[in-house]
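Each chain, letter by letter, is given below.
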Amino acid sequence: MRLLLASASPRRRELLAQLGVQFDLESADIDETVNVGEKPADYVLRMAREKAAAVAGRHTGEALAVLAADTSVVIEDDVLGKPVDHFDGLAMLARLSGRWHSVMTAVCLCCEDGQSEEILVETRVRFGQLTRAQCEAYLATDEPWDKAGGYGIQGLAGAFVSSIEGSYSNVVGLPLHETWQLLAAAGVTTRLERTEDMGGSE
Ligand SMILES: Cc1cn([C@H]2C[C@H](O)[C@@H](COP(=O)(O)OP(=O)(O)OP(=O)(O)O)O2)c(=O)[nH]c1=O
């Protein structure tokens, strides 16, 4: 079955490729506004579902599965999306400094029969105490702007992280273990289900 990744995120593309699965890319353009009173977990699940549905809707009747995901940084039940400007980015880093927060990624897989499966994965992340100068130095790079919470654990901001509990790939945008399980349950084979190359490496 053909697999489409409904994403413009280079991180998601790289993570899905890590599973050794064949896929094509098509980005979904949806409204990412948080509804009034909406819980963070409900929000990320809705976003992943809407991204998958937007792309699946362009391919009705075709034999394919659509995978989409959404990642948000959550602190005190507030969803931190991508910073809109310097002050927003500074406020986010100041809020995360010296504290634990959650990174939630929801993954939705829409199959050709109209069925969809969703998962929500939460990783706890703690930042060490950051000075204003360190935050400013980070904001002077191009890392924060396309990332939830205004940081990328896979880049310079990896140095901000003093502890992590849970999946690392989930923070980067796609929880590999859970996505593998979701794909396998839907019959989408990854490199880990193929045995034809085994046995020749002694
Ligand atoms: C917290 C964190 C987020 N991120 C990224 C993952 C996501 O790409 C982005 C969160 O925004 P998303 O809206 O989840 O994704 P996106 O807009 O980049 O891509 P698309 O919707 O097309 O799939 O933040 C990191 O790369 N590293 C991190 O440490």
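These numbers were taken from a predicted model, which means no experiment stands behind them.

Undergrad: Quick question: what am I supposed to make of the UniProt feature "site: Important for substrate specificity" (unreviewed entry) in the protein chain here?
TA: Here, the residues flagged by UniProt with the feature "site: Important for substrate specificity" (unreviewed entry) are Arg 11, Thr 71 and Gln 154. Taking the farthest pair of C-alpha atoms as the criterion, the annotated set spanning 144 residues converges on one region, since that pair is 14.4 Å apart. With respect to the secondary-structure elements, Arg 11 resides in helix 1 (residues 10-18). Judged by the 19 C-beta atoms lying within 10 Å of it, Arg 11 falls in the partly exposed class. With near-sequence residues (within four places) excluded, Arg 11 lies in contact with Val 172 and Gly 173. Judged by the 16 C-beta atoms lying within 10 Å of it, Gln 154 falls in the partly exposed class.

Undergrad: Looking at this model, I keep getting lost on helix 1. Mind explaining?
TA: Residues spaced three or four apart along an α-helix point in a common direction, a consequence of the helix completing one turn every 3.6 residues. Among the residues making up helix 1, those that are buried are Arg 12, Leu 15 and Leu 16. In a view along the axis of helix 1, the buried residues occupy a sector of 95°, so they form one face of it. The exposed set on the far side of helix 1, more than 90 degrees from its buried face, consists of Pro 10 and Ala 17. Looking at the buried positions of helix 1, the neighbouring elements they touch are strand 1 (2-5), strand 3 (64-75), helix 5 (168-172) and helix 6 (176-185).

Undergrad: Just checking my understanding: could you explain the site of the ligand for this structure?
TA: For the ligand, the set of nearby residues contains 22 residues, the closest of which are Ser 7, Ala 8, Ser 9, Ile 153 and Gly 173. A total of three residues in the shell around the ligand trace back to one element, the largest contributor, which is strand 3. Residue composition of the shell around the ligand, grouped by class: eight nonpolar, eight polar and six charged.

Undergrad: Help me out: how do you make sense of the pairing of strand 3 in this one?
TA: Side-chain direction in a regular strand flips from residue to residue, so the side chains alternate between the two faces of the sheet. Where burial is concerned, most of strand 3 is hidden: 10 out of the 12 residues are buried. Bridge count between strand 1 and strand 3: four bridges; the pairing is parallel. When the sheet's bridge partners are listed, Leu 3 is paired in strand 3 with Ala 65. Two strands pair when backbone bridges link them, and strand 3 and strand 5 (residues 100-110) are joined in this way by nine bridges, in the antiparallel orientation. Bridged to Thr 71 within strand 5 is Thr 105. Sheet analysis places strand 3 next to strand 4 (residues 78-80), joined by three bridges and oriented antiparallel. Paired with Val 73 across the strands is Leu 80, a residue of strand 4. Between the end of strand 3 and the start of strand 4, which pair antiparallel, lie two residues, with Glu 76 showing a positive phi angle near 50°.

Undergrad: Mind showing me how you'd approach the packing of helix 3 (residues 86-96) against helix 4 (residues 132-139) here?
TA: Two quantities define a packed helix pair, namely the angle between the axes and the distance from one axis to the other. The geometry of helix 3 relative to helix 4 is characterised by a closest axis approach of 10 Å and an angle of 135° between their N-to-C directions. Considering the angle they form, helix 3 stands oblique to helix 4. Pair helix 3 / helix 4 crosses with right-handed handedness. Residues His 86, Gly 89, Leu 90, Leu 93 and Ala 94 of helix 3 pack against Cys 135, Tyr 138 and Leu 139 of helix 4. Each residue belonging to the contact of helix 3 with helix 4 can be placed in one class, and the counts come to six nonpolar, two polar and no charged.

About the criteria used
- All residue numbers refer to positions counted from 1 along the written sequence of the respective chain.
- Only residues with pLDDT of at least 70 get local features here, since the model is predicted, and only at 80 or more are side-chain atom pairs given and counted; chain-wide, interface and lining totals rely on the full set of residues.
- UniProt positions are given in the numbering used here, feature names are shortened, and annotations may be inferred rather than shown by experiment.
- Helix and strand definitions here come from DSSP, where helices need a minimum of 4 consecutive H or I residues and strands a minimum of 2 consecutive E residues; each element is numbered from the N-terminal end.
- Counting other C-beta atoms within 10 Å of a residue's own tells you its class, since 20 or more makes it buried, 12 or fewer makes it exposed, and anything in between is partly exposed; those C-beta atoms are placed from the backbone.
- We call two residues in contact when their backbone-placed C-beta atoms lie within 7 Å.
- Directions from the helix axis toward the C-beta atoms define the arc.
- Here, nearness is defined through the C-beta atom: a residue counts as near a molecule or strand if that backbone-placed atom lies within 6 Å of it.
- Following the grouping adopted for this structure description, the nonpolar residues are Ala, Val, Leu, Ile, Met, Phe, Trp, Tyr, Cys and Pro, the charged ones are Asp, Glu, Lys and Arg, and the polar ones are all others, Gly among them.
- Only strands joined by at least two bridges in the DSSP assignment are considered to pair.
- Angles shown run from 0 to 180 degrees and are taken between the N-to-C directions of axes, each axis being a line fitted to C-alpha atoms and, for helices, limited to the stretch in contact.
- The cut-offs work like this: below 35 degrees is roughly parallel, past 145 is roughly antiparallel, 65 to 115 is roughly perpendicular, and the gaps in between are oblique.
- Should the near helix be turned anticlockwise from the far one by less than a right angle, the crossing is termed left-handed; should it be turned clockwise, right-handed.

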